[in-house]
Amino acid sequence: MNPQTAVPFVDTNVIPDRNVGIGSLLWDLQNPQDPDRDGPPLLNPEFAFIDVGVSRARVATALKSLLAHDLGLEVNYVATERVEAVPYANVTLLGDRAQEIRGCLSGIFSSKGATCEVKDWHFVVDGNGKVSSVAYSYNLHGNEVWEAYFMGRKFMYSGEQVEFSDPKLDETLAPEVAEIEARIDLERKRDRDPSQPGPSWDGYRMEKNPLQAGLAEFGITLQMTDVPQRIIGRQNILFLGNVLNHYPQDEQDRELDRLVANLEPGDIVIVQTDEVETPCIEVLQVMRRGDQNSRKRVRWIHTKTLEIQQPDRVLGSWRHIPLRPEVERMVGRLIECLERKVNSPEWTQRNHRVLVHQYISHVFRTLFRALPVEVTLRIAIREALRRLPYEGGPKGIPVFKHDAKDAYGGALRLDPGPIVSEADLINMKMAAANEERMRTPETPRLEPHRILEFAG
Ligand SMILES: C[S@@+](CC[C@H](N)C(=O)[O-])C[C@H]1O[C@@H](n2cnc3c(N)ncnc32)[C@H](O)[C@@H]1O
């Protein structure tokens, strides 16, 4: 077991933000910023996006909203999940016992290093009617994160089998598990024969087929399969978000071959791997070679250091784009805008400023997987400000001038001026150019439009 696998209490970090970074990547693949170097768009104006392994609906629905609504992409969004991983129901316990168990989960989770308060939790019932896990959520930089406790079952983490159980928690959960399984048994009998009496769900809230239902609300259909079906008539983008690392290392290549078996030349595969030493996103294009399909790497992104590598047509080698300095500069500019606008005593407190920096930086670092352009920068600003702590935060102030919608869903304050004006936005976009002019020749820095070659 390597050091990473010694830590987890969980297997899945289902963080909508993390996958939402795919939005800026797709935008960039469709709108190359430097067509001479980058070549023609790799992404067609209309495409089908197949999100493979959506263990929770919310992750896919957050990404679909960003692609279809915020970025206005012409996307046909489909999700897939292995039949055996599609839950039959989510069951939420109501009342004091639920609070007791919530406290117990918080205690266990906090003892793993971070002080995290569990906000919400429920039992997940699998396709065989058995309680297979407990899903719980907590808050991370203004974002709701869901993880799972697998009740002693082994699970895959970073390509390795891990087992975690907490005997005290198992003991606490045992009476509820037995009760829920008995009621689910009656529920399933009634599914098969509607004349049978159904169970009472007093003291509980039971949602059947939560994955299908959650996806359907956003117009996403679920393919229950482990080999995605290709969507006919469009370029297909197959998104493997933490799917390959679900398999042992030596099986991952074979699994990738299996997953892409139905793709056609011109289709794209995006492989995202988080929670490993080198978290990254790899973009592959399916090519025809002789009578076989092969895959060509067209982009590679280190999602922790925010380094991008992509082929340069002019040089015939790879171009290296360091994204981080750009992102950090924009975070700084946004904080300057906030300081000017948000007149709250908290801003004099260092802790508050650190917290605000953390929130904004977290959102920016997860949203940018390509150099910012106006549309992605606008979204990043909106998302970052939406997540700021409420106390003394900018609730009710429009993000941009002439922003007709209230980004925060509440009434506007007395001063309805925007936090970021169009002029601020232009200023933010120009930040890189300004800094470039001010730099002395002795301090060379990697610029997005300059090229650093690397072997390969
Ligand atoms: C770690 S979760 C990833 C969840 C989400 N896609 C993400 O990026 O956070 C991996 C999920 O992939 C599913 N999975 C693994 N192999 C699959 C396959 N061949 N087809 C569909 N889903 C698969 C697992 O059942 C599990 O729900």
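Let us look at the structure shown here. A quick note: this is a predicted structure, and the numbers were derived from the prediction, not measured. Position numbers for residues count from 1 along each chain, tracking the sequence in the order it is written. Where local features are concerned, this predicted model is filtered to residues with pLDDT of at least 70; where side-chain atom pairs are given and counted, the filter is 80 or more; whole-chain, interface and lining totals use all residues.

With respect to the pairing of strand β13 (residues 280–289)
Then, number 1: The rule for pairing is simple: two strands pair if DSSP sees at least two bridges between them. Counting from the N terminus, the helices are the DSSP runs of H or I reaching at least four residues and the strands are the DSSP runs of E reaching at least two. Strand direction decides the pairing type here: strand β12 (residues 268–273) and β13, joined by six bridges, are antiparallel. Bridge pairing links V269 to L284 in β13.
Then, number 2: The hairpin turn running from β12 into β13, its antiparallel successor, is six residues long, and E275 in that turn takes a positive phi close to 55°.
Then, number 3: Looking at chain direction, β13 and strand β14 (residues 292–302) are connected through 10 bridges and run antiparallel. Across the sheet, L284 pairs through a bridge with R297, a residue of β14.
Then, number 4: Where β13 folds back onto β14 in an antiparallel hairpin, the turn is made up of two residues, including G290, whose phi is positive at roughly 60°.

A look at the pairing of strand β16 (residues 317–322)
Then, number 1: Where strand β15 (residues 307–312) and β16 come together, six bridges link them in antiparallel fashion. When the bridges of β16 are listed, Q310 appears paired with R319.
Then, number 2: The hairpin formed by β15 and β16 contains four residues between the paired strands, and G316 there has a positive phi angle of roughly 70°.

Details of the nonpolar core
Then, number 1: Membership of the largest hydrophobic core comes to 74 residues, with the highest contact counts inside it found for L238, L240 and I270.
Then, number 2: If you tally residues by element for this core, the top one is helix α5 (residues 57–70), at seven residues.
Then, number 3: How far each domain reaches was decided by an automatic or database domain assignment. Three or more residues apiece are contributed to this core by two domains, here domain 1 (3–84 + 212–304) and domain 3 (324–438).
Then, number 4: A residue pair is marked as a contact if its C-beta atoms, positioned from the backbone, fall within 7 Å. Setting aside chain neighbours within four positions, we find L238 in contact with I50, V52, P228, L259, V260, L263, D267 and V269.
Then, number 5: Joining buried Ala, Val, Leu, Ile, Met, Phe, Trp, Tyr and Cys residues through C-beta atoms within 7 Å gives a set, and that set is a nonpolar core. The burial criterion counts other C-beta atoms lying within 10 Å of a residue's C-beta, which is placed from the backbone; the residue is buried at 20 or more, exposed at 12 or fewer, and partly exposed between these limits. Counting 24 residues, the second largest nonpolar core, distinct from the first, contains V118, V125, A135 and Y149.

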